[in-house]
Amino acid sequence: MGTISKNFNYHEFEASETAHALRIDNTIKSFEVRDAIKALVDNVLQPLRDKARNPLNISSGYRCAELNRKVGGVPTSQHCKGEAADVWCATLTPYQLARVVLENGIPYDQMILYPSFVHLSYRKEGKQRMQLLYNASYKGKRFAKV
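Residues numbered from 1 in each chain as written. Predicted model: local features only at pLDDT ≥ 70, side-chain atom pairs only at ≥ 80, totals over all residues. Heavy atoms only, no water.

Enquirer: Explain the packing of aromatic side chains residue by residue, including any values.
Expert: One pair of aromatic rings is described through two measures. These are the centre distance and the angle between the planes. Throughout the structure, instances matching the rule amount to three aromatic pairs. With a centroid separation of 4.3 Å and 15 degrees between ring planes, the pair formed by Y95 and F143 is classed as stacked. Within this pair, whereas Y95 is found in helix α5 (residues 94–103), its partner F143 is found in the segment after β5 (131–134), the two being separated by 48 residues in sequence. Note on accessibility: Y95 and F143 belong to one class, buried. With centroids separated by 4.3 Å and ring planes inclined at 15 degrees, the aromatic side chains of Y114 and F117 adopt a geometry described as stacked. The partly exposed category is assigned to Y114, whose relative accessible area is 21%. Judged by relative accessible area, which is 18%, F117 ranks as buried. The aromatic ring of Y134 is capped on one face by R142, whose charged end is 4.3 Å from the ring centroid. (Phe/Tyr/Trp six-rings, centres within 6.5 Å; stacked < 30°, edge-to-face > 60°. Helix = DSSP H or I, 4+ residues; strand = E, 2+ residues; numbered from the N terminus. Buried < 20%, exposed > 50% of the residue type's maximum accessible area, 1.4 Å probe, protein only. Lys NZ or Arg CZ within 6 Å of the ring centre and 35° of its normal.)

What follows is the structure, encoded as structure tokens:
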């Protein structure tokens, strides 16, 4: 699998230092996961990249079940379905990235702010919950209730 959009490819979603170190095969093997990643990119990540006018880096994309267990992910993690990615930007804070999402009406299922990245998810099927959450370790600026 190759290119998803002008700025994203499937390899970015499969890449994992933990998987590499533990020799876990984190290759996307199902069309369902591939299609969910494409929906996430098309509806959330590429629009965010375009509006932010800055490159986005994926620190965690797809996770096979074994990798998800090794990193302490919950069994129901949207990462395992290809519906989530943790992204960061060298020139924008997590709060600033989230602000771009909110100000531009970019749809999301969950947006969770962490100290150094933003978790963004998108359901390929069904209604987006539009949940804005903060990880317990996040101590930065917060949004008024949206």
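Having seen the model, we can carry on.
Enquirer: Which residues make up the packing of helix α3 (residues 31–52) against α5, and what values do they have?
Expert: Contact geometry of α3 with α5 gives a least axis separation of 10 Å together with a crossing angle of 105 degrees. In terms of orientation, α3 lies roughly perpendicular with respect to α5. Along the contact surface, α3 presents L48, K51 and A52, while α5 presents L97, V100 and V101. Residue classes in the contact of α3 with α5 are distributed as five nonpolar, no polar and one charged. (Axes fitted to C-alpha atoms, helices over the stretch in contact; angles between N-to-C directions. Parallel < 35°, antiparallel > 145°, perpendicular 65-115°, else oblique. Contact = heavy atoms within 4.5 Å. Nonpolar A, V, L, I, M, F, W, Y, C, P; charged D, E, K, R; others polar.)

Enquirer: Break down the pattern of salt bridges for me, with residues and values.
Expert: Evaluation of the coordinates by the stated rule reveals nine salt bridges. Here R63 makes a salt bridge to D86, at a shortest N to O gap of 3.8 Å. Within this pair, whereas R63 is found in the loop between β1 (57–60) and α4 (65–70), its partner D86 is found in strand β2 (residues 84–88), the two being separated by 23 residues in sequence. Take R63 and D86: they sit in the same class, and that class is buried. Here K124 ties to E125 by a salt bridge, and the two come within 3.6 Å at their closest N and O atoms. Exposure remark for K124: the relative accessible area of 40% places this residue in the partly exposed category. (Salt bridge = Lys/Arg side-chain N within 4 Å of Asp/Glu carboxyl O.)

Enquirer: Outline the side chain of N68, listing residues and values.
Expert: Following the sequence through the fold, N68 ends up in helix α4. A polar contact of 2.9 Å, which involves the side chain of N68, links it to the backbone oxygen of V74. Dropping the residues within four chain positions of it, N68 is found in contact with R63, G73, V74, P75, S77 and C80. (Polar contact = N/O pair within 3.5 Å; in protein donor to acceptor, adjacent residues only side chain to side chain.)

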